[in-house]
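# Architecture at a glance
Residues per chain are reported as follows:
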Amino acid sequence: MAVSTRVFGRTLSRGLYHGHRVLVIAITGTRLVRIAVAFASVITVAVSTACSAGLGGPASSRAAQDGVIRFTFAPDPIWDYMHDTGVIEQWERDTGYSIETSATWDEFGLFAGGHADIISSASFEVPALEEQTRRETVIIGRYNAERSRILVRADDPARSLEDLRGRRLGVFTTVSGTLVWSALVQQMHGMNLVDAGERPSDFDVVVADIQNLSNLVARGEIDACICYPDLSARELRNGSVRPLYEGKSSADLFAELKAPGHDGPMGNVFVARKDWVDGHPGEVSAFLDLWDRGLAEWQAHRDDMIERYPQHFAVASEEDIAFMKDYVAQHDWVVDEVRFGQKWADDESSIFDLMRSTGVIAGDTADPQFLPTEGVRQ
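Sequence positions are assigned chain by chain, starting from 1 and proceeding in written order. Since the coordinates come from a predicted model, pLDDT governs what is reported: local features require at least 70, and pairs of side-chain atoms require 80 or more to be given and counted, while whole-chain, interface and lining totals use all residues. The side-chain figures draw on all heavy atoms in the structure; neither hydrogens nor water molecules are used.

The protein is annotated in an unreviewed UniProt entry as ABC transporter, substrate-binding protein, aliphatic sulfonates family from Mycolicibacterium cosmeticum. UniProt positions are given in the numbering used here, feature names are shortened, and annotations may be inferred rather than shown by experiment. The record in UniProt for the protein states the following under Sequence similarities (unreviewed entry): "Belongs to the bacterial solute-binding protein SsuA/TauA family." Its UniProt record gives the protein the following Subcellular location (unreviewed entry) comment, quoted word for word: "Periplasm".

### Describing the packing of helix H6 (residues 177–189) against helix H9 (residues 250–258)
At their nearest, the axes of H6 and H9 sit 10 Å apart, and the two run at 45° to each other. Of the possible angle classes, the one that applies to H6 and H9 is oblique. The handedness of the crossing between H6 and H9 comes out as left-handed. On H9, the residues that touch Val-180, Trp-181, Leu-184, Gln-187 and Met-188 of H6 are Ser-250, Leu-253, Phe-254, Leu-257 and Lys-258. When grouped by side-chain class, the residues that make up the contact of H6 with H9 number seven nonpolar, two polar and one charged. The axes are straight lines fitted to the C-alpha atoms, using for helices just the contacting stretch, and the angles between their N-to-C directions are given from 0 to 180°. Each helix is a run of H or I in the DSSP string that is no shorter than four residues. Each strand is a run of E no shorter than two, and both are numbered from the N terminus. Each angle is binned into one of four classes, with values under 35 degrees roughly parallel, values over 145 roughly antiparallel, values of 65 to 115 roughly perpendicular, and all other values oblique. Definitions for this section: a left-handed crossing has its near helix turned counterclockwise from the far helix by less than a right angle. A right-handed crossing has that turn clockwise. Contacts were defined at the residue level, with two residues in contact if any of their heavy atoms lie within 4.5 Å. Gly is put with the polar residues, along with every residue not named as nonpolar or charged; the nonpolar set is Ala, Val, Leu, Ile, Met, Phe, Trp, Tyr, Cys and Pro, and the charged set is Asp, Glu, Lys and Arg.

### Looking at the nonpolar core
By nonpolar core we mean a set of buried residues, namely Ala, Val, Leu, Ile, Met, Phe, Trp, Tyr and Cys, connected to one another through side-chain atoms within 4.5 Å. When accessible area is computed with a 1.4 Å probe and restricted to protein chains, residues below 20% of their type maximum are described as buried, those above 50% as exposed, and intermediate ones as partly exposed. Core analysis: the largest hydrophobic core is formed by 72 residues, its most contacted members being Phe-71, Ile-140, Phe-270, Phe-287 and Trp-291. Top element by residues in this core is helix H11 (residues 281–308). It accounts for 10 residues. Just so you know, the domain bounds were taken from an automatic or database domain assignment. Counting the residues that make up this core, at least three belong to each of domain 1 (68–146 + 265–358) and domain 2 (149–248). When residues no more than four places from it in sequence are discounted, the contact partners of Phe-71 are Trp-79, Ile-99, Glu-100, Thr-101, Ser-102, Ile-118, Phe-270, Phe-287 and Trp-291. Grouped together as the second largest cluster of nonpolar side chains are 35 residues, Val-171, Ala-183, Val-194 and Leu-244 included.

### Things to note about the state of the cysteines
A pair of sulfur atoms, both from cysteines and within 2.5 Å, is called a disulfide here. Applying the stated criterion to the full structure yields one disulfide. Here Cys-225 engages in a disulfide with Cys-227; their sulfurs sit 1.9 Å apart. Across the S-S bond of Cys-225 and Cys-227 the torsion is about -120°, and the bridge reads as left-handed. Note on accessibility: Cys-225 and Cys-227 belong to one class, buried.

### Observations concerning helix H13 (residues 342–357)
Along its 16 residues, H13 runs 23 Å from first to last C-alpha, staying within 8% of the 22 Å computed at 1.5 Å per residue. Every buried residue belonging to H13 is among Trp-344, Ala-345, Asp-347, Glu-348, Ser-349, Ser-350, Ile-351, Phe-352, Leu-354, Met-355 and Arg-356, and all of these are buried. Where H13 is buried, its residues touch helix H5 (126–133), strand E7 (137–145), H6, H9 and strand E13 (266–273). One or two residues past the end of H13 sits Gly-359, with phi positive at roughly 75°. The length a helix should cover is 1.5 Å for every residue beyond the first.

### Topic: the pattern of salt bridges
Salt bridges are identified by distance alone: a Lys or Arg side-chain nitrogen within 4 Å of an Asp or Glu carboxyl oxygen. Tallying each qualifying case throughout the model produces 27 salt bridges. Lys-248 serves as the salt-bridge partner of Glu-256, at 2.6 Å between the closest nitrogen and oxygen. What makes Lys-248 partly exposed here is its relative accessible area of 22%. Across the salt bridge formed by Lys-325 and Glu-307, the nearest N and O atoms sit 2.2 Å from each other. Of this pair, Lys-325 sits in helix H12 (residues 318–330) while Glu-307 is found in helix H11, placing the two residues 18 residues apart along the sequence. For Lys-325, a relative accessible area of 17% corresponds to the buried category.

### Notes on the side chain of Asp-76
One can find Asp-76 in the loop between strand E4 (68–73) and helix H2 (77–84). As a buried residue without a salt bridge, Asp-76 has its nearest oppositely charged side chain in Arg-147, at a separation of 8.7 Å. Think of a polar contact as two N or O atoms within 3.5 Å of one another; within protein, one of them needs to be a possible hydrogen donor and the other a possible acceptor, and neighboring residues in sequence only count if both atoms come from side chains. Of note is the side chain of Asp-76, whose polar atom sits 2.7 Å from the side chain of Tyr-143. Counting rule for charge: Lys and Arg are taken as positive, Asp and Glu as negative, and neither His nor the chain ends is counted.

### Regarding the confidence of the model for the protein
The pLDDT score gives, residue by residue, the confidence of the prediction method on a 0 to 100 scale. Residues of the protein with pLDDT of at least 70 account for 81%, and the chain-wide mean is 83. With pLDDT under 50 throughout, residues 1–53 is counted as low confidence; its partners more than four residues away or in other chains account for 163 contacts. Contacts from residues 55–62, a stretch scored under 50 in pLDDT, to residues over four places away or in other chains number 26 contacts.

### Quick word on H11
A rise of 1.5 Å per residue sets the reference length of H11, with its 28 residues, at 40 Å; its end C-alpha atoms lie only 34 Å apart and thus fall more than 12% short of the reference. One axis is fitted to the seven residues ending at the residue and one to the seven starting there. The bend at that residue is the angle between these axes. Helix geometry: H11 is bent most strongly at His-301, by close to 90°.

### Some details on the environment of Glu-319
Checked against the element boundaries, Glu-319 lands in helix H12. In this structure Glu-319 comes out as partly exposed when scored by relative accessible area, which is 48%.

### Some points on the packing of aromatic side chains
Aromatic ring pairs are defined here through the distance separating the ring centres and the angle between the ring planes. Two rings from Phe, Tyr or Trp (for Trp, the six-membered ring) form a pair when their centres sit within 6.5 Å of each other. Planes less than 30 degrees apart are called stacked, planes more than 60 degrees apart edge-to-face, and all others tilted. Summed over the entire model, instances satisfying the criterion amount to 20 aromatic pairs. Ring centres 6.1 Å apart and planes at 45° place the aromatic pair Phe-73 and Tyr-143 in the tilted group. One end of the pair, Phe-73, is in strand E4; the other, Tyr-143, is in strand E7, with 70 residues separating them in the sequence. Residue Tyr-143 is classed as buried on the basis of its relative accessible area of 1%. Measuring from centroid to centroid gives 5.9 Å for Phe-73 and Phe-270, while their planes differ by 45°, and the two rings are tilted. In this pair, Phe-73 is assigned in strand E4 and Phe-270 in strand E13, connecting sequence segments 197 residues apart. One exposure class covers both Phe-73 and Phe-270, and it is buried.

In structure tokens form, the structure reads like this:
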């Protein structure tokens, strides 16, 4: 059965504030889990590398060695800030460790090739990462929550996705955050976001460039979108679009339904090869210390980072930069601490219970492995 999906545009793109692998293609298939697998395969050959201020070029081809952390990450404002302000250099002097970095959207590919010890991924994409790379992994740290929202035109009377049955819903991919919304829509409204086996989609799904989705809604070319606020600043600021569900993100709704007080599911966690983690506990702990410093810098200098690196937030004008500062102050999706405990890991794993029970992923899909280190230092 062909997925009921239309395509606007033919560009490769990714969210500028880390965490979206985006390929605009027409997709056919019968299960979202199959789409996710095929999507990850395409990513490893289709996405080009990119550099940011604090991340270097192609990853080292050398094998892992003691005292060196090979870290592959998409361009990111917190990392750039730590690089530009000397935090990383000081960390290397203090710890005696060095960190080899590379900036790329193709984290999966470099990880599969053995050129990275640690990468980032959405927590709910880790099973696909393991399947595609054939490497046993472990989640060692958390970074930011899945922050997408459902946006509609400001004058649309819809109150929820249930009111949008049969209408045009824009997505940037049928995996990534759309997986979470698929499970939420099934749980909350008994509706199918995309075709799944014998169950047809309850929407006219349109795949479009992630950076254009909110503009397409504002212009009336689609009726709603799964959109990211940092890529929708202009339309949110001028009031041409508005969020459903009282502005709650997929992570907010998931917490209400399945894990009260939880801050996930995560749009980005830090994932490492399990064999490397087992053999390098000192490097793992030092890496987490560095990112705890980064998260503290974010809390202390968030506005400065938005001003320094507006490209990471898809804003350019002074008005949009000011809007983004205010928005993030109210809806910060970055966690306070990179380390986590067992309860947090259990709550994060419950996203897989939800996706399995709603048929979004196969019933035999295993939970990822977590390494709780909250309160632990080497």
